[in-house]
Amino acid sequence: MSRVAGKVVLVTGAGSGIGRATAKLLAAEGATVIVTDINRAGGLETVQQIGGKARFEEQDTSREADWKRLIDDILAREGKLNGLVNNAGISGPFPATFETESLEQWRRMLSVNVEGVFLGCKYGVPALRQSGGGSIVNLSSLAAFLGTPDLSAYGASKGAVRQFTKTVAIDCARKGYKVRCNSVHPGIILTPMGNAVMPNDKAREHSRRRIPIGDFGAPEDIAYGILYLISDESRFVTGTELVIDGGMNAI
Ligand SMILES: NC(=O)c1ccc[n+]([C@@H]2O[C@H](COP(=O)([O-])OP(=O)(O)OC[C@H]3O[C@@H](n4cnc5c(N)ncnc54)[C@H](O)[C@@H]3O)[C@@H](O)[C@H]2O)c1
């Protein structure tokens with residue numbers, strides 16, 4: 001149980017769902033985990049479930065000042081940063097078509113889902129370099145590959161994350177930074193966010209039937225993919241897309 005032993009890893013939005021499962025798995029595999037979220041109670045609950053080798057910091061990933069403070073604090077307290085999981089995200093009201101979406105909702109979505117990831121990379125990369133190199137995982141979505149009529153701003157935000165990840169990966173690789181950057185693309189995962197797009201039993205069954213493997217994913221299914229990308233097992237992997245979706249993107 002030591003696939004990421006000795007590493008210091010920051011997981012944003014780790015007070016719930018995929019972020020919580022990822023923080024727990026990374027800690028179980030030997031990492032010290034910095035759990036951040038805007039939801040203080042959820043973040044503290046994650047740290048409690050980990051029970052050691054984790055601490056919570058309140059952070060709004062769309063705020064530049066929060067990133068500066070957080071990264072400085074990690075370098076001062078832990079002395080290094082080896083991994084960053086840009087997981088925090090919102091899906092907004094459902095359904096939200098391009099005709100019903102307000103400009104305010106669109107901007108809020110891009111502020112958290114895109115600007116949050118941009119800021120994470122901007123402030124995370126220097127800290128990872130200073131620590132001898134490291135790995136960034138950006139949470140995109142299956143939505144980055146498909147039209148998403150009922151989640152218009154969400155789909156656009158995840159498309160941006162998919163593309164931006166490759167830019168960071170290539171820029172860092174060419175500059176010899178020893179920083180890898182990859183995107184993870186979950187399908188439908190049973191978390192508060194996943195459940196929000198399936199408001200009733202009929203919608204749930206309709207969604208389930210679209211998944212070739214026949215069932216929804218669990219947060220841990222995504223956490224195992226992130227663990228691989230944060231660990232040195234993926235040392236030759238950068239700029240790639242890890243789709244974990246029960247086969248939906250293959251049909
Ligand atoms: N659940 C799915 O089916 C699914 C599918 C594809 C992609 N994803 C992506 O996976 C990631 C995690 O999703 P989840 O399903 O675990 O969602 P979730 O809603 O269970 O958890 C998201 C967490 O992010 C936090 N958060 C929201 N805005 C924040 C901000 N500005 N700053 C800091 N924290 C913030 C929330 O408080 C929450 O704890 C998201 O980026 C999401 O878009 C999820």
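Our subject is the structure listed above.
Residues numbered from 1 in each chain as written. Predicted model: local features only at pLDDT ≥ 70, side-chain atom pairs only at ≥ 80, totals over all residues. Heavy atoms only, no water.

Observations concerning the layout of surface pockets
- Estimates place the volume of the largest pocket at around 1,200 Å³.
- If you go around the largest pocket, you meet 49 residues; those closest to its centre are Ser-91, Tyr-154, Met-193, Gly-194 and Val-197.
- Among the residues forming the lining of the largest pocket, the class breakdown is 22 nonpolar, 21 polar and 6 charged.
- There is about 170 Å³ of room inside the second largest pocket.
- Around the second largest pocket sit Lys-7, Asn-82, Gly-132, Gly-133, Gly-134, Ser-135, Lys-178, Arg-180, Ile-230, Asp-232 and Arg-235, which together line it.
- Across the lining of the second largest pocket, the residue classes break down as 1 nonpolar, 5 polar and 5 charged. (1 Å grid on protein atoms, 1.4 Å probe; cavity = no way out; pocket = protein on both sides within 12 Å on 5 of 7 lines; lining within 4 Å. Points joined across faces, edges and corners; volume = space filled by probe spheres on them. Nonpolar A, V, L, I, M, F, W, Y, C, P; charged D, E, K, R; others polar.)

Section: the site of the ligand
- As a structural note, the neighbourhood of the ligand is formed by 29 residues, with Ser-16, Asp-37, Asn-87, Tyr-154 and Thr-191 the closest of them.
- The contact in question runs from a nitrogen atom of the ligand to an N or O atom on the backbone of Ile-38, over 3.5 Å.
- Thr-191 places a polar side-chain atom, nitrogen or oxygen, 2.5 Å from an oxygen atom of the ligand.
- Contact with the protein chains removes 93% of the 830 Å² of surface that the ligand exposes when unbound.
- Of all the secondary structure elements, the ones that give two or more residues to the shell around the ligand are α1 (17–28), α5 (152–174) and α6 (192–196).
- No other element matches the 3 residues that α6 contributes to the shell around the ligand. (Near = heavy atom within 4 Å. Polar contact = N/O pair within 3.5 Å; in protein donor to acceptor, adjacent residues only side chain to side chain. Areas by Shrake-Rupley, 256 points an atom, 1.4 Å probe, with all protein chains shown as cover. Helix = DSSP H or I, 4+ residues; strand = E, 2+ residues; numbered from the N terminus.)

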